Every structure is written in C-alpha cells, then in structure tokens.
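Examining the three-dimensional arrangement
The residues making up each chain are set out below.
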Amino acid sequence: MKTLLFVLGLWLSLAAQAQSDYSKFDLNLQLSSNLYQKQLGPEWNLQGELHLNSRWSLLYNYSIGSFDTYNGYAHAPMSLFAVGPVTRFLAQNSFTFSDFLGALAVGCLTALIPEGVAYHYPLAYRWDLSACANPLGLAYIFSDDFALDQSVKYDATAGVKLTYYTPFGLHADAHALARYTGGFGWYPNAGIGLGYSFGHRNLGE
C-alpha cells in the first residue's frame, strides 16, 4: 500500500512539473453537437488536459448531452466510476485505521487515471493541432426506452482539435470527433470551445 502511494505521488509530482510550449494544464468548456440518425443533439463538455511535454497530454472529459429527443447521457472517465468499487474493495480488506485511510486515498487517486491521450503538432505560432483518442469513457444513459434508461454504456471518442493560444492565457478550439456509444453505435461529434491555460507563458515574448 505504501509503495503504491509513493509511486502515485511521484507520478503526480513529475506530471505537475512537466509542461508544453503553451501550457501545463488546460481547462476547456466546449459546446458540441452529436449527429445521431440525422438528428442534432447538443453536448456540454468540461475537459481537463494535462500536458506532459510539448507533444503529449492526458485527457479528462465530463459532459452531459443528448443523442436525440428521447435519449440523453452523462459522460465521465471510467476512473471516476471506479472510485467507489475500488475504495470499497480496499476498505473491506483493511485491518487497521492506517490501512483504511490508505484505501480511501488510493480510491480517490483512482479518479486521476486519464480517459485518453493527445498528440500535439505545432501547426503555426500560437496554433496547436492535436490528434486525440479517449478509449476509457463511460456514459450513464437517460432514455424513454426502459431497456436503456439508467444503464451505463461504453463511450469512446477519437478525432482532432485545433487550438489557438492567446498571449494572456485564454485559448479557443474547434474539434471534430468520431464517437462510439454502446447500444447507439458510431456517429460524428463536432464543436467549439473556450478555455484557460494554467502555467502559460507570455507568447508575445
């Protein structure tokens, strides 16, 4: 248990010190639309992007949206859904109070496992083009269909994002994704976003 906590702490420390050309951590609010069976369904997405270096970043997506008039969803990384089961399993095998606290800590740290990764290419000054894959996502379904309502489905995306970084920390993006949701199949998703770059440098220098 102590070894696992040490490794996780070391990884977080290294990740916190890493940075890309423009940012250490991006927080993005995105408005997208799903095109499902010729119907447009809106989606609001809160995305966290932790830059490991100028090329690679880790992605976390939390969103709520709809496929059509009858089906909606709440999306999160698998790791968030795993916090409860992991904490419960470790706590059941704890024999001391210290073990119990360790179980809680590891359970909470489970939420830090990313949903996906992105590879970045500097398209031009202040412009970043990235290709992303988010294979570790789940969606909680809200539906008029009793067979689907309140079910949890596999939910994954892959695509590209173009980001413009300003000199004062704000950035804007446009993205296009292919999305797969269990029970709904493949469909396109596209949209725009605004965000803030934490740890940004002055690009005017």
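Scroll up to find the structure this text is about.
Here is a short report on the structure shown in this document. Keep in mind the model is a prediction, meaning the values are calculated, not measured.

**Description of the side chain of D155**
Topologically, D155 is positioned in strand β8 (residues 152-165). A polar atom in the side chain of D155 sits 2.7 Å from the side chain of H75. A polar side-chain atom of D155 sits 2.6 Å from a polar atom in the side chain of T181. Setting aside residues no more than four positions away along its own chain, D155 makes contact with H75, E115, N134, G137, L138, A139, R179, Y180, T181 and Y187.

**Topic: the pattern of salt bridges**
Counted under the stated rule, the structure contains 3 salt bridges. For K161, the salt bridge is made with E49, and the minimal N-O distance between the two is 2.9 Å. Note that K161 is positioned in strand β8 and E49 in strand β2 (residues 39-51), a separation of 112 residues in sequence. Residues joined in a network through salt bridges with shared partners are E43, D155 and R179.

**Focus on empty space enclosed by the protein**
Scanning all chains against the criterion turns up 2 cavities of 30 Å³ or more. N45, Q47, N61, T157 and L177 are the residues nearest the centre of the largest cavity, which is lined by 23 residues in total. Elements that contribute at least two residues to the lining of the largest cavity include exactly β1 (25-36), β2, β3 (56-66), β6 (127-134), β8 and β9 (170-181). Its residues assigned to classes, the lining of the largest cavity comprises 5 nonpolar, 12 polar and 6 charged. Here the second largest cavity is characterised by a volume of approximately 30 Å³. Every residue lining the second largest cavity is listed: D26, N28, E49, H120, D128, K161, T163, Y165 and H171.

**What about the nonpolar core?**
By size, the foremost hydrophobic cluster in this structure holds 8 residues: Y36, F67, Y73, A139, I141, L148, F184 and Y187. When sequence neighbours within four positions are dropped, the list of residues in contact with F67 reads Y36, Q39, G41, G72, Y73, I141, T181, F184 and Y187.

**Focus: the packing of aromatic side chains**
The full count for this structure, using the stated rule, is 13 aromatic pairs. Taken together, a centroid distance of 5.7 Å and an interplanar angle of 55° make the contact between Y36 and F67 tilted. On the criterion of sequence distance, the pair formed by Y36 in strand β1 and F67 in the loop between β3 and β4 (71-77) is long-range, its members being 31 residues apart. Each member of the pair, Y36 as well as F67, is classed as buried. With centroids separated by 4.9 Å and ring planes inclined at 40°, the aromatic side chains of F67 and Y73 adopt a geometry described as tilted. Members of the aromatic cluster, each reached through a chain of ring pairs, are Y36, F67, Y73, F184 and Y187.

**Quick word on the environment of A172**
Along the chain, A172 turns up in strand β9. Under the relative-accessibility criterion, A172 is labelled partly exposed at 32%. Distance in space between the C-alpha atoms of A172 and N28 is 8.4 Å, their sequence separation being 144 residues. A172 has contacts with L162, T163, Y164, G193 and L194, leaving out every residue within four places of it along the chain.

Calculation criteria
Residues numbered from 1 in each chain as written. Predicted model: local features only at pLDDT ≥ 70, side-chain atom pairs only at ≥ 80, totals over all residues. Heavy atoms only, no water. Helix = DSSP H or I, 4+ residues; strand = E, 2+ residues; numbered from the N terminus. Polar contact = N/O pair within 3.5 Å; in protein donor to acceptor, adjacent residues only side chain to side chain. Contact = heavy atoms within 4.5 Å. Salt bridge = Lys/Arg side-chain N within 4 Å of Asp/Glu carboxyl O. 1 Å grid on protein atoms, 1.4 Å probe; cavity = no way out; pocket = protein on both sides within 12 Å on 5 of 7 lines; lining within 4 Å. Points joined across faces, edges and corners; volume = space filled by probe spheres on them. Nonpolar A, V, L, I, M, F, W, Y, C, P; charged D, E, K, R; others polar. Core = buried A, V, L, I, M, F, W, Y, C linked by side-chain atoms within 4.5 Å. Buried < 20%, exposed > 50% of the residue type's maximum accessible area, 1.4 Å probe, protein only. Phe/Tyr/Trp six-rings, centres within 6.5 Å; stacked < 30°, edge-to-face > 60°.

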